[in-house]
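This is what each chain is made of:
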Amino acid sequence: MKLRSTKEATFRTRLAAWVVGLSLAAITALSVLVVTMAEPGDKGSVSQLVFSSVLPLFGTWVGTVIAFYFARENLEAATQSTLRLSGGYKKDDSVSDVMIRRAQMIVRATTSGEQVGAITVESIATIITVTGKKRVPILDDKGSVKFVIHQSLLDSFARTVTPEEYAQASLDDLLASSTNKRLAEAIGFVSITATLGEARDQMQRVSGCNDIFVTTSGYSAEPVLGWLTNNLLATVE
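The structure contained in this document is the topic of the report that follows. (Residues numbered from 1 in each chain as written. Predicted model: local features only at pLDDT ≥ 70, side-chain atom pairs only at ≥ 80, totals over all residues. Heavy atoms only, no water.)

### Brief notes about helix α4 (residues 151–158)
Line of reasoning, step 1. Here α4 has its buried residues at L153, L154 and F157. Angular distribution of buried residues about the axis of α4 spans 100°; they occupy a single face of the element.
Line of reasoning, step 2. At its buried positions, α4 is contacted by α3 (121–131), β4 (145–150), α5 (163–168), α6 (171–174) and α7 (178–184). (Buried < 20%, exposed > 50% of the residue type's maximum accessible area, 1.4 Å probe, protein only. Helix = DSSP H or I, 4+ residues; strand = E, 2+ residues; numbered from the N terminus. Arc of directions from axis to C-beta. Contact = heavy atoms within 4.5 Å.)

### Quick word on the pairing of strand β3 (residues 135–139)
Line of reasoning, step 1. Extensive coverage of β3 is indicated by the burial of 5 of its 5 residues.
Line of reasoning, step 2. Residues of β3 alternate between two faces, with R135, P137 and L139 on one and V136 and I138 on the opposite face, all of them buried.
Line of reasoning, step 3. For strand β2 (residues 108–109) and β3, the ladder comprises 2 bridges, and the chain directions are parallel. Note that in β3 the partner of R108 across the bridge is I138.
Line of reasoning, step 4. Relative to β4, β3 runs antiparallel, the two being bridged by 5 bridges. Within β4, the position partnered with R135 by the bridge is H150.
Line of reasoning, step 5. A loop of 5 residues connects β3 with β4, the two strands running antiparallel in sequence, and G143 in this loop sits at a positive phi of about 85°. (Pairing = 2+ DSSP bridges.)

### Topic: the sheet that holds β3
Strands pair in a sheet through their backbones, by hydrogen bonds, and they do so in one of two ways: parallel or antiparallel.
Line of reasoning, step 1. In space, the 3 strands of this open sheet follow the order β2-β3-β4, with mixed pairing throughout. Of all the strands in the sheet, the pair left with one neighbour each is β2 and β4.
Line of reasoning, step 2. On the sheet, α3 packs against β2, β3 and β4 and is oriented at approximately 135° with respect to β3. (Axes fitted to C-alpha atoms, helices over the stretch in contact; angles between N-to-C directions.)

### Describing the packing of aromatic side chains
Line of reasoning, step 1. Inspection of the entire model under this criterion finds 3 aromatic pairs.
Line of reasoning, step 2. Ring plane angle 40° and centroid distance 6.1 Å describe the contact between F157 and Y166, whose orientation is recorded as tilted. Grouping residues by exposure puts F157 and Y166 together as buried.
Line of reasoning, step 3. Taking the centre distance of 6.1 Å and the plane angle of 40° together, the rings of F189 and F213 count as tilted. Residue F189 is located in strand β5 (residues 187–191), and its partner F213 is located in strand β6 (residues 211–215); the two are separated by 24 residues in the primary sequence.
Line of reasoning, step 4. Taken together, the ring pairs in this structure connect F189, F213 and W227 into an aromatic cluster. (Phe/Tyr/Trp six-rings, centres within 6.5 Å; stacked < 30°, edge-to-face > 60°.)

Remember, this is a structural readout, not a statement about activity or role.
Structure representation (structure tokens):
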């Protein structure tokens, strides 16, 4: 099924490129030909007429291609959202069918040469403010998840320091408290072949865990492939 989906996606990509490319080339060639063949005194009005005619035509072509190209993905995304809200997933379903994929995850990853502990608290808070999310996974330079910082943890930390200290605080400062570190490290891992039931069991085994991450083999040192939150797993029957 995945192989077929990959082939279909490749076909749609190539078809979209060919249709847009050929359409643009044909419309451009036709427009140049019409303007060239016009009488010298009529070139201005002909050019304006060609422009006003070609632009809507090209827009229609592009709109049609985009609609075709993205219709299936949008339908699948809507279907998954509906299933999540309705609790339509079963414990035997694969985590790969339900997880928030890495490409869709909003994270704070280390930049070149940056240590995880040097990540500023303010940069994490900014992500939460801008995106409206309530939690942010922290990734190292290998793409592995090290912590998850929830807004409640930032709020609690802010009450223990001055605004100036908060503005300059790093992740090391935030996690200097054993309680804060325990909360940030309360995460679990499962393999890409695991079921939702196994992911939920893993969440229950880790005290205070609200986040399960999917890796190739289920090891924390591996790059993350996906994410399952407590809210998502709560809908599993």
